[in-house]
Amino acid sequence: RKEVEQDPGPFNVPEGATVAFNCTYSNSASQSFFWYRQDCRKEPKLLMSVYSSGNEDGRFTAQLNRASQYISLLIRDSKLSDSATYLCVVSSASKIIFGSGTRLSIRP
Amino acid sequence: EAGVAQSPRYKIIEKRQSVAFWCNPISGHATLYWYQQILGQGPKLLIQFQNNGVVDDSQLPKDRFSAERLKGVDSTLKIQPAKLEDSAVYLCASSPTGASEAYEQYFGPGTRLTVT
């Protein structure tokens with residue numbers, strides 16, 4: 001089993017829709033969690049950190065479920081510009097692991 | 001604020017040749033990371049420095065890869081000799097904080113390596 005797993009997608013949704021995807025991790029000692037966004041042939045950029053209590057940034061909501069060992073990302077009112085690959089990052093004791101990413105495509 | 005700089009942006013070499021990549025992190029950032037990203041996969045951490053000390057190099061293929069950050073600022077990653085499976089994008093990132101947790105990392109544009 002991979003240490004960090006994501007559904008590769010692609011998720012193809014219409015503009016304005018709500019879309020959510022999860023990222024599961026195997027190490028229960030994991031301490032820090034993040035979502036990064038990566039556009040085609042570009043470098044990853046931090047989208048948001050994921051806090052135990054959950055957090056929201058505009059149309060984006062991230063949640064952590066330690067009991068089931070997954071993090072989630074919800075995007076509301078999706079825009080064409082949200083089309084990208086979304087990478088989850090899980091770290092524990094300075095070991096940093098990126099998921100393989102979930103591709104999201106927003107259609108007009 | 002200037003971002004993370006990397007060079008070269010592209011490199012094509014034949015297998016068994018050597019190659020070196022350079023990274024200049026954001027000024028003042030203590031932590032520097034080198035990642036390998038193969039097409040269709042997420043970045044894989046190769047090595048993490050805090051200042052000029054190595055924090056984690058557990059996934060660095062040490063028989064052919066080496067990295068250094070001598071003055072705690074810029075860094076070089078070398079592959080010698082290269083194999084076909086080394087074809088990937090090599091990403092450098094830096095972070096202002098210490099090595100105990102993965103804080104926000106700022107990535108450079110990467111070096112796209114093709115080994116033929």
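Preceding this paragraph is the structure being described.
Here the structure is a predicted model, which is why all the values come from computation and not from measurement.

Focus on the overall build of chain B
Inference 1: A count of helices and strands for chain B gives zero helices and 11 strands.
Inference 2: Mapped from its N terminus to its C terminus, chain B presents α and β elements in the order β-β-β-β-β-β-β-β-β-β-β.
Inference 3: Taking 2.2 N^0.38 as the reference for a compact globule, 116 residues should give roughly 13 Å; the C-alpha atoms of chain B span a radius of gyration of 13 Å, in line with that estimate.
Inference 4: Dimensions of chain B, computed from the C-alpha atoms along their principal axes, are close to 40 × 30 × 25 Å.
Inference 5: Summarising the internal contacts of chain B: among those between residues at least 6 apart in sequence, 54% fall at separations of at least 24.
Inference 6: For chain B, the accessible surface area stands at approximately 5,600 Å², while carbon and sulfur atoms represent 49% of it.
Inference 7: Between the centroid of the 12 positive side chains of chain B and the centroid of its 11 negative side chains there is a distance of 8 Å.

Quick word on the packing of aromatic side chains
Inference 1: One pass over the full model with this rule turns up 12 aromatic pairs over all chains.
Inference 2: Three or more aromatic residues link up through ring pairs in this structure, and these residues are Tyr36 and Phe98 of chain A together with Tyr33, Tyr35 and Phe107 of chain B.

Some details on the interface of chain A and chain B
Inference 1: In this assembly, 17 residues from chain A lie in contact with 23 residues from chain B.
Inference 2: Here chain A and chain B share an interface that buries about 1,600 Å² over both sides, 52% of which is from carbon and sulfur atoms.
Inference 3: Our count for the chain A to chain B interface comes out at zero salt bridges.
Inference 4: Applying the counting rule to chain A against chain B returns two residue pairs in polar contact (both at pLDDT 80 or more).

Some remarks on the sheet that holds strand S3 (residues 19-24) of chain B
Residues and elements named next belong to chain B.
Inference 1: In space, the four strands of this open sheet follow the order S1-S3-S8-S7, with antiparallel pairing throughout. Only two strands of the sheet have a single neighbouring strand rather than two, namely strand S1 (5-7) and strand S7 (65-68). Shown here is a sheet whose adjacent strand axes are inclined to one another by a mean of 15 degrees, direction ignored.
Inference 2: Of the pairings in the sheet, the one linking S1 to S3 comprises three bridges and is antiparallel in character. Following the sheet pairing, Ser7 is matched in S3 by Trp22.

Describing the pattern of salt bridges
For side chains bearing opposite charge, pairing can occur when the charged atoms are close.
Inference 1: Under the counting rule described, the total for this entry stands at seven salt bridges over all chains.
Inference 2: The residue Lys95 of chain A makes a salt bridge to Glu3 of chain A at a minimum N-O spacing of 3.1 Å. Of this pair, Lys95 of chain A sits in strand S10 (residues 95-98) while Glu3 of chain A sits in the segment before strand S1 (4-6), placing them 92 residues apart in sequence.
Inference 3: A relative accessible area of 33% places Lys95 of chain A in the partly exposed class.
Inference 4: Residue Glu3 of chain A is classed as partly exposed on the basis of its relative accessible area of 36%.
Inference 5: Ionic pairing is found between Asp86 of chain B and Arg64 of chain B, a salt bridge with its closest N-O pair at 2.5 Å. On the criterion of sequence distance, the pair formed by Asp86 of chain B in the loop between strand S8 (75-79) and strand S9 (88-95) and Arg64 of chain B in the loop between strand S6 (53-56) and S7 is long-range, its members being 22 residues apart.
Inference 6: Asp86 of chain B gets classed as buried once you look at its relative accessible area, which sits at 2%.
Inference 7: Arg64 of chain B gets classed as buried once you look at its relative accessible area, which sits at 11%.

Some remarks on the nonpolar core
Inference 1: Formed by 23 residues in total, the largest nonpolar core has its most connected members in Phe21, Trp35, Ile71, Leu73, Ile75, Tyr86 and Leu104 of chain A.
Inference 2: If you list the elements that add at least two residues to this core, you get strand S3 (19-25), strand S4 (32-38), strand S7 (60-65), strand S8 (70-75), strand S9 (84-92) and strand S11 (102-107) of chain A.
Inference 3: One finds Ile13, Leu46, Leu77 and Leu113 of chain B within the second-largest nonpolar core, a separate group that totals 21 residues.

Focus on the pairing of S7 of chain B
Residues in a regular strand project their side chains so that they alternate between the two faces of the sheet.
Residue and element names in this part refer to chain B.
Inference 1: Both S7 and S8 contribute to a ladder of four bridges, which runs antiparallel. Pairing of Ala67 across the sheet is with Leu77, part of S8.
Inference 2: A loop of six residues connects S7 with S8, the two strands running antiparallel in sequence, and Gly72 in this loop sits at a positive phi of about 75 degrees.

Calculation rules
Residue positions within a chain follow its written sequence, with the count starting from 1. Whichever chain is written first is A, and whichever ligand is written first is 1; the rest continue in order. Local features in this predicted model are restricted to residues whose pLDDT is 70 or higher, and side-chain atom pairs enter the listing and the counts only when it is 80 or higher, whereas totals over whole chains, interfaces and linings include all residues. For the side-chain quantities, the full set of heavy atoms in the structure was used; hydrogens and water were omitted. Elements are defined by DSSP. Helices are runs of H or I of four residues or more, strands are runs of E of two residues or more, and each kind is numbered from the N terminus. The globule rule used here is 2.2 Å times the number of residues to the 0.38 power, and the radius of gyration it is set against is calculated over C-alpha atoms. Should any heavy atoms of two residues lie within 4.5 Å, those residues are considered in contact. Calculation of accessible area relied on Shrake-Rupley with a 1.4 Å probe; when residues are assessed, cover is drawn exclusively from the protein chains displayed. Only four residue types enter the charge count: Lys and Arg as positive, Asp and Glu as negative, with His and the chain ends excluded. Think of each charge as sitting on NZ of Lys, CZ of Arg, CG of Asp or CD of Glu. For Phe, Tyr and Trp, where Trp contributes only its six-membered ring, two rings pair if their centres lie within 6.5 Å, and the inter-plane angle classes them as stacked under 30 degrees, edge-to-face over 60, or tilted in between. Two parts placed together each lose some accessible area under a 1.4 Å probe, and adding up what both lose gives the buried area. Definition used for salt bridges: Asp or Glu carboxyl oxygen within 4 Å of a side-chain nitrogen of Lys or Arg. Pairs of N or O atoms are called polar contacts if they sit within 3.5 Å, as long as, within protein, a hydrogen donor faces a hydrogen acceptor (for residues adjacent in sequence, only side-chain-to-side-chain pairs). For two strands to count as paired, DSSP must find a minimum of two bridges between them. Orientation is described by lines fitted to C-alpha atoms, with helices fitted over the stretch in contact, and by angles between N-to-C directions that extend from 0 to 180 degrees. Here's how the labels work: a residue is buried when its accessible area is under 20% of the maximum for its type, exposed when over 50%, partly exposed in between, all with a 1.4 Å probe on protein chains only. Think of a nonpolar core as a cluster: buried Ala, Val, Leu, Ile, Met, Phe, Trp, Tyr and Cys residues, connected wherever their side-chain atoms sit within 4.5 Å.

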